[in-house]
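Listed below are the residues making up each chain.
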Amino acid sequence: MELQIKYYGMLAEISQCDEELLNFDGTTGADLLHFLIQKYPSFATKDIKVAQYNQIIDLGNKITSSEIALLPPFSGG
Amino acid sequence: MSRYNRQIILSEIGQEGQDRISRAKVLVIGAGGLGCPVLQYLAAAGIGTLGIVDFDVVEESNLQRQILFGVSSLGQNKALAAKSRLLDLNPTIQIETYTDKFDEYNSLQLLRDYDIVVDCTDNFETRYIINDASVIESKPVVYGAIYKFEGQVSVFNFENGPSYRCLFPSLPEKETIPNCSVIGVLGVLSGIIGTMQANEVLKIVLKFKGVLSGELLCYNAKSAEIQILKFSKSKSEIERITKKSSLVLEGGRSSGPSMSKNEISFRDLKDIDTVQLVDVREPNEEPKIQNYMGLTVPFRELESRLDEISRDRTVILFCQQGLRSKKAVDLLRKHNINNTLSLREGAYGLIKLNKIDNDG
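So, how was this worked out
Residues numbered from 1 in each chain as written. Chains lettered and ligands numbered in written order. Predicted model: local features only at pLDDT ≥ 70, side-chain atom pairs only at ≥ 80, totals over all residues. Heavy atoms only, no water. pLDDT = per-residue confidence, 0-100. Contact = heavy atoms within 4.5 Å. Core = buried A, V, L, I, M, F, W, Y, C linked by side-chain atoms within 4.5 Å. Buried < 20%, exposed > 50% of the residue type's maximum accessible area, 1.4 Å probe, protein only. Helix = DSSP H or I, 4+ residues; strand = E, 2+ residues; numbered from the N terminus. Pairing = 2+ DSSP bridges. Phe/Tyr/Trp six-rings, centres within 6.5 Å; stacked < 30°, edge-to-face > 60°. Lys NZ or Arg CZ within 6 Å of the ring centre and 35° of its normal. Domains from an automatic or database assignment. Buried area = accessible area lost by both parts, 1.4 Å probe. Salt bridge = Lys/Arg side-chain N within 4 Å of Asp/Glu carboxyl O. Polar contact = N/O pair within 3.5 Å; in protein donor to acceptor, adjacent residues only side chain to side chain. Nonpolar A, V, L, I, M, F, W, Y, C, P; charged D, E, K, R; others polar. Axes fitted to C-alpha atoms, helices over the stretch in contact; angles between N-to-C directions. Expected span 1.5 Å × (residues − 1).

Description of the confidence of the model for chain B
Alright, step 1. Confidence in the prediction of chain B, expressed as mean pLDDT, is 89, and 91% of residues score 70 or more.
Alright, step 2. Here residues 251-258 of chain B is modelled with pLDDT under 50, and outside its nearest four sequence neighbours on either side it reaches 18 contacts, counting other chains as well.

Some words on the nonpolar core
Residue and element names in this part refer to chain B.
Alright, step 1. Grouped together as the largest cluster of nonpolar side chains are 47 residues, with contacts concentrated most on V26, L39, L42, I47 and L50.
Alright, step 2. With seven residues, the top contributor of residues to this core is helix α9 (residues 187-205).
Alright, step 3. Ignoring sequence-local partners within four residues, the contact set of L39 consists of V28, A31, L50, I52, L68, A82 and L86.
Alright, step 4. Residues F102, L111, V117 and I129 belong to the second largest nonpolar core, which totals 35 residues.

Observations regarding the pairing of strand β3 (residues 49-52) of chain A
All names here are of chain A.
Alright, step 1. The alternating pattern of β3 places K49 and A51 on one face and V50 and Q52 on the opposite face, and all of these are buried.
Alright, step 2. Examined bridge by bridge, β3 and strand β5 (residues 67-71) share four bridges and lie antiparallel to one another. Within β5, the position partnered with A51 by the bridge is A69.
Alright, step 3. Strand direction decides the pairing type here: β3 and strand β4 (residues 55-57), joined by three bridges, are antiparallel. Its bridge partner being in β4, A51 is matched across the sheet by I56.

A word on the packing of aromatic side chains
Aromatic ring pairs: the centre-centre distance and the angle between the two ring planes describe each pair.
Alright, step 1. Evaluated as defined, the whole model comprises 12 aromatic pairs over all chains.
Alright, step 2. Here A:Y40 and A:F43 contribute two aromatic rings whose centre-to-centre distance is 5.1 Å and whose plane-to-plane angle is 35°, an arrangement assigned as tilted. Grouping residues by exposure puts A:Y40 and A:F43 together as buried.
Alright, step 3. Pairing B:Y128 with B:Y164 gives two aromatic rings, centres 5.1 Å apart and planes at 50°, and the pair type is tilted. One end of the pair, B:Y128, is in helix α6 (residues 124-137); the other, B:Y164, is in helix α7 (residues 164-167), and 36 residues separate them in sequence.
Alright, step 4. Judged by its relative accessible area of 1%, B:Y164 falls in the buried class.
Alright, step 5. In textbook terms, an aromatic cluster arises when at least three aromatic residues are bridged by ring pairs, as seen for B:Y128, B:Y143, B:F156, B:Y164, B:F168 and B:F231.
Alright, step 6. Between B:K222 and the ring centre of B:F149, over which it is positioned, the NZ or CZ distance is 4.7 Å.

Let's talk about the domain arrangement of chain B
Residues and elements named next belong to chain B.
Alright, step 1. For chain B, the assigned domains are domain 1 (2-250) and domain 2 (257-358).
Alright, step 2. Residue-level contacts link 10 residues of domain 1 with 10 residues of domain 2.
Alright, step 3. Between domain 1 and domain 2 lies a buried interface of about 990 Å² when both sides are counted; carbon and sulfur atoms form 52% of it.
Alright, step 4. Together, D100, Y105 and Q109 form the three largest contributors to the area buried by domain 1 at its contact with domain 2, with a combined 59%.
Alright, step 5. Between R324 and D100 there is a salt bridge whose closest N-O contact spans 3.9 Å.
Alright, step 6. In this structure, the connection of domain 1 to domain 2 is made through one residue pair in polar contact (both at pLDDT 80 or more).
Alright, step 7. Per-element tally for the side of domain 1 that touches domain 2: the top contributor is helix α5 (residues 107-112), with three residues.
Alright, step 8. Classifying every residue of the side of domain 1 that touches domain 2 by side-chain character gives three nonpolar, three polar and four charged.

As for the sheet that holds strand β9 (residues 263-264) of chain B
Residues and elements named next belong to chain B.
Alright, step 1. Taking strand neighbours across the sheet as the criterion, the five strands line up as β9-β13-β12-β10-β11 in an open arrangement whose pairing is parallel. Where the open sheet ends on each side, the last strands, each with one partner, are β9 and β11 (295-296).
Alright, step 2. Where strand β10 (residues 276-279) meets β11, two bridges bridge the pair, whose relative direction is parallel. For D279, the partnering residue across the bridge sits in β11 and is T296.
Alright, step 3. Strands in contact with helix α11 (residues 324-334) are β9, β12 (315-318) and β13 (340-343); relative to β13, the strand with the most contacts, it is inclined by about 170°.

Overview of the interface of chain B and chain A
Alright, step 1. In this complex, chain B contributes 37 residues to the contact, which on the side of chain A involves 21 residues.
Alright, step 2. Both sides of the chain B and chain A interface together cover about 2,400 Å² of buried area, and 56% of this is carbon and sulfur.
Alright, step 3. A per-residue breakdown of the area chain B buries against chain A is headed by B:Y147, B:E150 and B:F168, which together make up 24% of the total.
Alright, step 4. At the surface where chain B touches chain A, the tally comes to two salt bridges.
Alright, step 5. B:E225 is the partner of A:K6 in a salt bridge, and the nearest nitrogen-oxygen pair spans 3.8 Å.

What about the side chain of B:N157?
All names here are of chain B.
Alright, step 1. Looking at where N157 falls in the secondary structure, it is placed in the loop between β6 (150-156) and α7.
Alright, step 2. The class for N157 is buried, based on a relative accessible area of 12%.
Alright, step 3. Reaching out from N157, the side chain makes a polar contact with the backbone oxygen of S134 at a distance of 2.8 Å.
Alright, step 4. Within the structure, the side chain of N157 is placed 2.8 Å from the backbone oxygen of K139, a separation counted as a polar contact.
Alright, step 5. Discounting chain neighbours no more than four positions away, the residues touching N157 are S134, V135, S138, K139, P140, P162 and S163.

Quick word on unusual backbone geometry
Alright, step 1. Following B:E286, the chain continues into B:P287 via a peptide bond in cis, with omega recorded as -5°.
Alright, step 2. Topologically, B:P287 is positioned in the loop between β10 and β11.
Alright, step 3. One non-glycine residue, A:Q16, adopts positive backbone phi at about 60°.
Alright, step 4. Assignment of secondary structure puts A:Q16 in the loop between α1 (10-15) and β2 (19-23).

Here we look at α6(B)
Note on helix geometry: an α-helix contains 3.6 residues per turn, so any two residues three or four positions apart are oriented the same way.
All names here are of chain B.
Alright, step 1. Compared with the 20 Å implied by 1.5 Å per residue over 14 residues, the 20 Å span of α6 between its first and last C-alpha is a close match.
Alright, step 2. Taking burial as the measure, the 14 residues of α6 include 13 buried ones, the bulk of the element.
Alright, step 3. For α6, the N-terminal capping position is held by N123, with its side-chain oxygen 3.3 Å away from the main-chain nitrogen of E125.
Alright, step 4. In the stretch just after α6, S138 is the one whose phi turns positive, near 55°.

This is how it looks when you write it as structure tokens:
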């Protein structure tokens, strides 16, 4: 299915866009991360949270929304 | 008092709300980009007791966003410089300053006297220590963090709600996430995020509904977009914290400097009665040591009072957190007084030692 993926923080720098449309064939949040790491290998070094319907999900959960947000931790202050 | 009139006339606050604000005790950890606006608004609103923790000094590159400071504060400790500015803004409140680094040794003690903790730090190590200490001490943490043009705000550990570790369970590998001094930050962003943190503090104090517990607010300064993402509590993460015997971070990594050969830990301090203890703090500094029998020589007086330092007994120097006492050891060794060691955990180490002795 076609997903609109929004990237936060340094993930947007790695992908060089704030959001993008991608075709995703997998099922879970973990599948999605695995899929994105193929596209952006440096995602593998980040602790990334996946959110759908404005809810951060366990990576084992099914992706059912077509709008996804991905976020890393920030530490600046 | 007319000072608080504009907020007292809000029917949701009133005199009762103002009384809550003036009874509140809030500890702000970090007086930098986030801490400055947090402190400014909380002091202005009349929070009765503000604690400020920062070991760093004001540098010129801070002035772009750290709005409590000016040219006259350059080189001063941030907690002390913030206090003098805030007392001008509102002399009716109590302000406590802590000029040592917040770490796994002093965290629990520092948190104990406050109702709410505000995390305004700039590094992951301290954020995880704040989180774990707050879970252990059952204190809510108002969290803010920034990255370039984006910010995050949340409230952790609020009325048994989720903690930072429920969101991000472990400390990231060092160097995978750069901080502001490396990548830069938009000054106004720290103002926006810090002001949102101050707002959450007031919501908690005033018992308003809608505290950002279990919710991570994500703000983008370029698009002016806000997205609030919900997240759940992880019981196993909370248990992992409460079962830990110490706050030393995973992998044995600690936020403090590693032990040097000029230092000693209170755990290795034997025969305390045979050593000379020297407190190098200023006389008014906390915590006080009960039944203290040693010398008190503030660091700045040390060089002029060398004759009081024992030459034949082991001399253990301590301060609040082991930084000044380390400098003191270096200074004494320059004068060929080599029988000296700095107490790694500072005054808190001595307090722990007293407790162990008293409890048998």
